[in-house]
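# A look at the structure
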Amino acid sequence: MPSTLLTVLSALLSFATLVLSLGTSCSAPLGAGTAAPTDPYWMQNIKHQGTAAFNSNPSGYQVFRNVKDFGAKGDGVTDDTAAINNAISSGGRCGGGSCASSTVSPAVVFFPQGTYLVSSPIIAYYYTQLIGDARVPPTLLASPSFAGMAVIDADPYIPNGGGDPTWTSFSFRSVRNFVIDVRQVPATNSQGTGIHWQVAQATSLMNIVFEMSTAADTAHQGIWMENGSGGFMGDLVFNGGKFGMWVGNQQFTVRNITVNNANTAVFGIWNWGWTFQGVTINNCQVGFDLTTGGLTESTQTVGGEAIIDAVVSNTPIFVRTSQPSNGKLAGSIVINNAQLTNVPTAVGVVGGATVLAGGTTTIASFGQGNVYKGTNGASTFTQGSIPAANKASSLLDSAGHIFGKMHPQYTNYAVSQFVSVKDNGAKGDGHTDDTAALNAIFAKFSGCNIIFFDAGTYIVTQTLTIPAGTQIVGEGWSVIAGSGAAFQDINNPKPVVQVGAANSQGIMEISDIIFSTVGPTPGAIVVEWNVKQPAGQNGGAGMWDSHIRLGGAAGTNLESAQCPSSGTGGTAACFASFLALYLTAGSTAYLEVYHDLDGDGVSQLELFSGRGILSESAGPVWMIGTAEHHALYQYSLVNAQNHYMGLIQTETPYYQPSPAVPSPFSLNSAFNDPTIFGGSSAWALHVTSSSNILVFGKIILHYELQDLSAIFCERVEFPPNK
């Protein structure tokens, strides 16, 4: 056979193999974006036909709102406050004191390019995404006479009544792609605040620049957060101000922030634990100023601060605490890989001695607090160098820092490069079985187009396999929910969504999607993640601002009426899942981002989800801002390698110890369930036969570590059971 023909056949075979690996009939791969330089962001002009499936008027309720359609001008002169707030609140939505929480009135509020003058706060309602044009982020400009707590206020204070007492219910809020400019507000006025972010779970701030006064007496601040129950923020820049961030919250994950020319970059008033990954501080007076010393609930101050991959220059003090550390669980600090240039004091105490001298140097690994080693339940107070974490090279970027990747926004892609699932047969009405329609859409368009999940709830009754090579974008947290007999056999669990076929490799990007179930579903593996990122493309397979939400929402059949916290709902009707997220052995994953959401926002449910995250992956795996409340364990790593886990939230279910773990589930050896050592509550973290695991920040109640090599755990608060 001629060599030319062999070459052609070989090329055809390679192309056929690529097509099969993508699982698509695509004749022309998606390729680069084709948007013209002057085109608006695709989100502005794409057809918006999303619906709120369980709203009282689904066909009449508007999910997507362009603020200019509500009268906003964006000319920098007209006061757009009322128009913007009308765009957010119209349609009988939940927020502004009208209700505590609801999932039946989601909204995406879009801001085209422009400058929007505001004279009072923009109120961020529940279940709302405020999204600016990602190509040219719009500016929210506070007027000189601005009056209110902040330009964006997630939880307005009640007049004459103080703050809202149910701040742990302030979930599902997201803000991205803005410049927030308060420089016209007098420098000494603390109302020059960018965002009041008193929030809880499933919240995010992304791609925001804060512009503040650089006057010596400035009172401006970028973010003010007095309490809350933890989420994620990343890719933020703070210029000027008294404080870049003034924060108090149970737990938070922060990735990639830059603070320039502030008096204090980060002021911490209280927390259980925060993880800062990728911090740049330039020309500030203090980098991290931490209130410490409180040892009771009523006097809680900063419990723990974990700082990894920091670059600090021309700042007199990098980290300072208000009180000397006394060996208690207050003011724990871990610093890993901090590069200092002209920073005289690395760690100090207000009015006290220098704990760690600075200069122009690199801090490889510093710890202050109680250290546990091996199987010894006793702690040793440490203040100084600690062994540096072993970081697998596959987890690092070209600068040697833990890799990070911003939420995909497809800024260079034209509207024509997206396809709508509703235009191609899917209903998303919360009732119709969309399994066949979605599978057909993936077969036709994966790798060819970015697949746009119009707002809605898409029911699947058999496993939905998303082929490698797929890029998915939701609208207002579009929901994929497993329902029916296929997911009801606890002894034969099946995936609701299979991300990549077994042993597949290719791009996978999933953003703004909720994975859920319609109960009871005791045999549901909500997401099985099989896909491996393309060679040389860290973060090529990942999820951003996407959530596994089990029960507590309209349409789930797992609400307070069926499963009250009293336990009178029983167990059979209240199984939400067998396993939430399963990372299989051949996969890689980049993952960035518990009350009755449609009740009063406070009442707890008694739902049963067997397992949180099970990872058997050899990595690399990045878990940034992941969470809690499953019956057997929150995290289980078995035969796993090369994981970075930043601020893992590991609270056990509130109903335990009644029933005690593992009830109402049974241990299943096929899924490497951990042995229960007489405990009455779930494992927080179980790691066995694993290596190169970096856990950098956690809230721990109950954990087991065994058969390990090269594991580094920062901030384990309680001694191990084994």
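On a predicted model such as this, the values are computed, not experimentally measured, just so you know. (Residues numbered from 1 in each chain as written. Predicted model: local features only at pLDDT ≥ 70, side-chain atom pairs only at ≥ 80, totals over all residues. Heavy atoms only, no water.)

Along its length, the chain carries four helices and 42 strands. Taking all 722 residues of the chain together, 61% fall into the buried category. Total accessible area on the chain stands at roughly 24200 Å², and carbon and sulfur atoms take up 52% of it. (Helix = DSSP H or I, 4+ residues; strand = E, 2+ residues; numbered from the N terminus. Buried < 20%, exposed > 50% of the residue type's maximum accessible area, 1.4 Å probe, protein only. Areas by Shrake-Rupley, 256 points an atom, 1.4 Å probe, with all protein chains shown as cover.)

Judged by which residues are buried, strand β24 (residues 450-453) turns out to be covered on both faces: Ile450 and Phe452 on one side and Ile451 and Phe453 on the other are all buried. In terms of strand pairing, strand β22 (residues 418-420) meets β24 through three bridges, oriented parallel. In the sheet register, Ser420 faces β24, and the bridge partner there is Phe452. As paired strands, β24 and strand β27 (residues 470-483) are joined by three bridges and run parallel to one another. Pairing of Phe453 across the sheet is with Gly474, part of β27. (Pairing = 2+ DSSP bridges.)

Next up on the list: the environment of His547. Along the chain, His547 turns up in strand β32 (residues 547-548). In this structure the C-alpha to C-alpha distance between His547 and Ile514, which are 33 residues apart in sequence, comes to 4.8 Å. A polar atom in the side chain of His547 sits 3.5 Å from the side chain of Asp545. (Polar contact = N/O pair within 3.5 Å; in protein donor to acceptor, adjacent residues only side chain to side chain.)

Along β27, 14 of the 14 residues are buried, which leaves the element largely enclosed by surrounding structure. With four bridges joining them, strand β25 (residues 457-460) and β27 adopt parallel strand pairing. By the bridge assignment for β27, Val460 is matched with Gly482. Note that β27 and strand β29 (residues 508-518) share ten bridges and pair parallel. Among the inter-strand pairings, Ile472 is bridged to a residue of β29, identified as Ile510.

Right, let's get into the state of the cysteines. In the structure shown here, the tally under the stated rule is one disulfide. A sulfur-sulfur separation of 2.1 Å characterises the disulfide bridge that pairs Cys563 with Cys574. When the S-S torsion is -105°, as for the bridge of Cys563 with Cys574, the disulfide is left-handed. Residue Cys563 is located in the loop between β32 and β33 (575-577), and its partner Cys574 is located in the loop between β32 and β33; the two are separated by eleven residues in the primary sequence. The exposure class of Cys563 is buried, given its relative accessible area of 1%. (Disulfide = S-S within 2.5 Å.)

This part covers the pattern of salt bridges. Within the structure shown, the criterion is met by ten salt bridges. Arg255 serves as the salt-bridge partner of Asp235, at 2.5 Å between the closest nitrogen and oxygen. Of this pair, Asp235 sits in strand β13 (residues 232-239) while Arg255 sits in strand β14 (residues 243-260), placing them 20 residues apart in sequence. Each member of the pair Asp235 and Arg255 is classed as buried. Taking the shortest distance from any N to any O, the salt bridge between Lys391 and Asp309 comes out at 3.8 Å. Placement of the pair is Lys391 in the loop between β21 (380-385) and β22 and Asp309 in strand β17 (residues 304-313), with a sequence separation of 82 residues. (Salt bridge = Lys/Arg side-chain N within 4 Å of Asp/Glu carboxyl O.)

Turning next to helix α4 (residues 435-445). Of all the residues in α4, the buried ones are Thr435, Ala437, Leu438, Ile441, Phe442 and Phe445. Against the buried residues of α4 lie β22, β23 (429-433), β24, β25, β26 (464-466) and β27. Within two residues after α4, Gly447 carries a phi angle of roughly 85°, on the positive side. (Contact = heavy atoms within 4.5 Å.)

A few words now on the packing of aromatic side chains. Within the structure shown, the criterion is met by 32 aromatic pairs. Pairing Tyr126 with Tyr127 gives two aromatic rings, centres 6.1 Å apart and planes at 20°, and the pair type is stacked. Neither Tyr126 nor Tyr127 differs from the other in exposure class; each is buried. Ring geometry for Phe210 versus Phe238: centroids 4.7 Å apart, planes at 5°, classification stacked. Of the two residues, Phe210 sits in strand β11 (residues 203-211) while Phe238 sits in strand β13, which places them 28 residues apart along the sequence. Look at Phe238 and you get buried, because its relative accessible area is 0%. (Phe/Tyr/Trp six-rings, centres within 6.5 Å; stacked < 30°, edge-to-face > 60°.)

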